[in-house]
Amino acid sequence: MAKSDDGIRILQGLLVFGNVIIGMCGIALTAECIFFVSDPHGLYPLLEATENDDIYAAAWIGIFVGFALFALSILGIIGVIKANRTLLLVYLILMLITFAFEMASCITAATHRDFLTPNLFLKQMLERYKKSETDNNNDKWMTEGVTKTWDKLMLQNHCCGVRGPSDWQEYTSAFRLTYNDADFPWPHNCCVMDARGSPVNLDACKLGVPGYYNSNGCYDAISGPMNTHAWGVAWFGFAILCWTFCVLLGTMFYWSRIEY
Amino acid sequence: RPHSRARHPGARTMLPLLLLLLATARALEKLPYTPTLASPSLGGLTTTSTFVLEQPRCVFGQHSDAVIWLVVAIPEAVPNFNNSVGPGTPERAFQGFPAAAPAYMTLNTTLLNYPCPAPTGEITVLRVGSETSCARDDTKPTCNGPLPSPGPYRVKFLALEGAEPVAETAWSEPITLRTAQPFGSIAATGGGHSPGMIALTAILSILFAILLAGLVAMVVFWSSDTYSGSSTFSKPEAVTVRRYNTHHVYDQPAARL
């Protein structure tokens, strides 16, 4: 009896420890997802215009799952210490539901990250940047979002187009319909700007003189934050779920060992 | 009749002299220079309606009074090109290019703007097609307007003194501009599934399945437990029956097991 008594005590200790870790990870997950949802890089309008912003949905789920994990871990600790079968059964069922939601969030984030390719952003930029005639309010909202985001991207990251300024030459675009090629081979935001926000040398920019225009593409500036976002939600969630799996198995075993 | 005989004494020698002058004036100097596109390091070397040429520095050295024009033509107009047709005529008007005017003349300047030698470090180029304001203005036939199609085009420089062509360069190689593809042709459908995502989905599904199975087993175990009524191990805080062996057998009221 003494041996199994010790064994039970060790199991209890392990389960309490496991639940503490789950609680802390829950808080971390909530904090991480709040950070992503706050969109510090201002890239959300680009996703909104693709009508596929599910990596944001995954982050929203992550916020609530993180909080639920924290609350349930406290319930779990109480249940383990009191060795109360009912409490532990409630804990297990609720944890399984939370597990399912977090699983959905991870899979969504990972799947939709694969959807965001350079061609997707290129097509969207050519279709919507500085589009002058919009069909309806929704179209207008998305167009304005894309235009503002690209203007900010090109100014802040000193880049032009998705792969480079040649994007504007290789393909027709909504921009080209309003702005002719001779005056605007690429948007003026691709020019190197002075302190007041106007091009240092507009003619040199139009000629494409190195040093007077941004010759690199903006795709890295877009994919970097999006990758961090998607992998942060997906893989951190996966790690939490693996740990939770072990704790839940341990809890089930412990539950079966408690005298009713 | 007043003009039947020469009035002035030296008129006989003057006439051949006049003819000689006329002949030399008509001689067109063919310079060995070929106009070329500027350095490929320029991002906008050719766009869909403009292109950038090197300036003809140190080419027209002897004709300091001439006005140097750029001639842009479609390749079909090159063999029959007439240097005497002046700029500004309908046959050479930009607005009629290329249908009514198979060649046009533009970017006129004096040799002062092409000093020789070219200073190092400066970019000396000519951008053909940069003036958009006069492209549709028929009163400005020498407009340097944007080119209407991807080409190809051939160019040369022509020096005119007054209305007389005095020097010309060779015709350039055909210059073709860029063609823009329609953006609808970009294939933006998804990038396929990365192996990481597949692994993640598979592993999580398996873990969830195991947990569900465990939960079901637990519930079945519990309900069978309550039916049979036997409990397996005691709760930690219940009083445990401790059995210890003592060699003192005198104090045993009831047999303890």
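Every value quoted in this text rests on a predicted model; they were computed, and no experiment measured them.

Trainee: Can you help me understand a nonpolar patch on the surface in this one?
Mentor: All names here are of chain A. Together, Ile27, Phe67, Phe70, Ile74 and Ile78 give the surface a local cluster of nonpolar side chains, amounting to about 450 Å² of exposed area. Among the elements that take part in the nonpolar patch, helix 3 (residues 54-82) stands out by supplying 4 residues, more than any other. Assignment of secondary structure puts Ile27 in helix 1 (residues 2-37).

Trainee: Quick question: what am I supposed to make of the domain arrangement of chain A here?
Mentor: Size of an interface: often given as the accessible area lost when the parts come together. Residue and element names in this part refer to chain A. Domain assignment breaks chain A into domain 1 (1-116 + 225-257) and domain 2 (118-218). At the interface, 12 residues of domain 1 touch 14 residues of domain 2. Summed over both partners, the interface of domain 1 with domain 2 buries about 1,000 Å², with 69% contributed by carbon and sulfur atoms. Our enumeration of links across domain 1 and domain 2 arrives at 0 salt bridges. At the boundary of domain 1 with domain 2, the tally comes to 3 residue pairs in polar contact (both at pLDDT 80 or more). Here the element with the most residues in the side of domain 1 that touches domain 2 is helix 2 (residues 44-49); it accounts for 4 residues. Considered class by class, the residues forming the side of domain 1 that touches domain 2 number 7 nonpolar, 3 polar and 2 charged.

Trainee: Just checking my understanding: could you explain the state of the cysteines for this structure?
Mentor: Formally, a disulfide is one covalent bond, and it connects the sulfur atom of one cysteine to the sulfur atom of another. Inspection of every chain in the model, using the stated rule, returns 5 disulfides over all chains. Here A:Cys159 connects covalently by a disulfide to A:Cys218, the sulfurs 2.0 Å from one another. Around the S-S axis, the bridge from A:Cys159 to A:Cys218 shows a dihedral of about 100 degrees and counts as right-handed. Here the residue A:Cys159 occupies a position in the loop between helix 6 (137-157) and helix 7 (167-170), and A:Cys218 occupies one in the loop between helix 9 (202-207) and helix 10 (219-257), the gap between them amounting to 59 residues. Of the two residues examined, A:Cys159 and A:Cys218, each falls in the buried class. Covalent S-S linkage joins B:Cys58 and B:Cys116, the inter-sulfur distance amounting to 1.8 Å. Here the disulfide of B:Cys58 and B:Cys116 is right-handed, its torsion about the S-S bond being about 110 degrees. You can see B:Cys58 sitting in the loop between strand 2 (51-54) and strand 3 (67-73) and its partner B:Cys116 sitting in the loop between strand 4 (103-110) and strand 5 (125-128), a full 58 residues away along the chain. On the basis of relative accessible area, B:Cys58 is assigned to the partly exposed category, the value being 44%. If the cysteines joined by disulfides in chain B are listed in sequence order, their pairing comes out as 1-2, 3-4. The disulfide pattern of chain A is 1-6, 2-3, 4-5 when the bonded cysteines are numbered in sequence order.

Trainee: Can you help me understand helix 6 of chain A in this one?
Mentor: Think of an α-helix as turning once every 3.6 residues; residues three or four places apart then point the same way. Residues and elements named next belong to chain A. Here helix 6 spans 30 Å end to end across 21 residues, near enough to the 30 Å set by a 1.5 Å rise per residue. Taken together, the buried positions of helix 6 are Asp139, Met142, Thr143, Gly145, Val146, Thr147, Thr149, Trp150, Asp151, Leu153 and Met154. If you follow the buried residues of helix 6, they end up packed against helix 2, helix 5 (118-128) and helix 10. One side-chain oxygen at the N-terminal end of helix 6 lies 3.1 Å from the backbone nitrogen of Asn138; it belongs to Asn136. Looking one or two residues past helix 6, His158 carries a phi angle of roughly 55 degrees, positive in sign.

Trainee: What should I look at first to understand the interface of chain B and chain A in this one?
Mentor: On the side of chain A, 60 residues touch chain B, which itself brings 58 residues to the contact. Interface of chain B and chain A: buried area, both sides summed, is about 5,200 Å²; carbon and sulfur atoms make up 72% of it. Counting across the interface, chain B meets chain A through 0 salt bridges. One can count 14 residue pairs in polar contact (both at pLDDT 80 or more) joining chain B with chain A. The element best represented in the side of chain B that touches chain A is helix 2 (residues 195-228) of chain B, accounting for 18 residues. Tallied by class, the residues present in the side of chain B that touches chain A amount to 27 nonpolar, 26 polar and 5 charged.

Trainee: Would you explain the UniProt feature "transmembrane region" (unreviewed entry) in chain A in this entry?
Mentor: Residues and elements named next belong to chain A. According to UniProt, the "transmembrane region" (unreviewed entry) feature falls on residues 12-37, 57-81, 88-110 and 233-255. Along residues 12-37, the helical share is 100% and the strand share 0%, with 37 Å between the first and last C-alpha atoms. The span residues 57-81 carries 100% helix and 0% strand; its end-to-end C-alpha distance comes to 36 Å.

Trainee: It is not clear to me how the side chain of B:Ser172 should be interpreted in this structure. Could you clarify?
Mentor: Residues and elements named next belong to chain B. Topologically, Ser172 is positioned in the loop between strand 7 (164-168) and helix 2. Note on Ser172: relative accessible area 1%, which makes it buried. Excluding anything up to four places from it in sequence, Ser172 contacts Thr34, Pro35, Arg154 and Val155.

Trainee: Is there a simple way to explain the UniProt feature "transmembrane region" (unreviewed entry) in chain B in this structure?
Mentor: If you check UniProt for "transmembrane region" (unreviewed entry), the listed places come out as residues 197-222 of chain B in our numbering. For residues 197-222 of chain B, the end-to-end C-alpha separation is 37 Å, with 100% helix and 0% strand making up the annotated structure.

Trainee: Is there a simple way to explain the packing of aromatic side chains in this structure?
Mentor: Here a ring pair, both rings aromatic, is described through the centre-centre distance and the interplanar angle of the planes. Tallied over the full model, the rule gives 19 aromatic pairs over all chains. Consider the rings of A:Phe175 and A:Tyr179, whose centres lie 4.8 Å apart with planes at 15 degrees: the pair is stacked. Among the residues examined, A:Phe175 registers a relative accessible area of 2% and is labelled buried. Between B:Phe97 and B:Tyr153, the ring centres sit 5.7 Å apart and the planes meet at 40 degrees, which makes this aromatic pair tilted. With B:Phe97 in the loop between strand 3 and strand 4 and B:Tyr153 in the loop between strand 5 and strand 6 (154-161), this residue pair connects regions lying 56 residues apart in the sequence. With respect to class, B:Phe97 is no different from B:Tyr153; both count as buried.

Conventions and cut-offs
- Residues numbered from 1 in each chain as written.
- Chains lettered and ligands numbered in written order.
- Predicted model: local features only at pLDDT ≥ 70, side-chain atom pairs only at ≥ 80, totals over all residues.
- Heavy atoms only, no water.
- Patch = residues over 30% accessible without salt bridge, like charges linked within 9 Å, V, L, I, M, F, W, Y side chains within 5 Å.
- Areas by Shrake-Rupley, 256 points an atom, 1.4 Å probe, with all protein chains shown as cover.
- Salt bridge = Lys/Arg side-chain N within 4 Å of Asp/Glu carboxyl O.
- Helix = DSSP H or I, 4+ residues; strand = E, 2+ residues; numbered from the N terminus.
- Domains from an automatic or database assignment.
- Contact = heavy atoms within 4.5 Å.
- Buried area = accessible area lost by both parts, 1.4 Å probe.
- Polar contact = N/O pair within 3.5 Å; in protein donor to acceptor, adjacent residues only side chain to side chain.
- Nonpolar A, V, L, I, M, F, W, Y, C, P; charged D, E, K, R; others polar.
- Disulfide = S-S within 2.5 Å.
- Buried < 20%, exposed > 50% of the residue type's maximum accessible area, 1.4 Å probe, protein only.
- Expected span 1.5 Å × (residues − 1).
- UniProt positions renumbered as here; feature names shortened; annotations may be inferred.
- Phe/Tyr/Trp six-rings, centres within 6.5 Å; stacked < 30°, edge-to-face > 60°.

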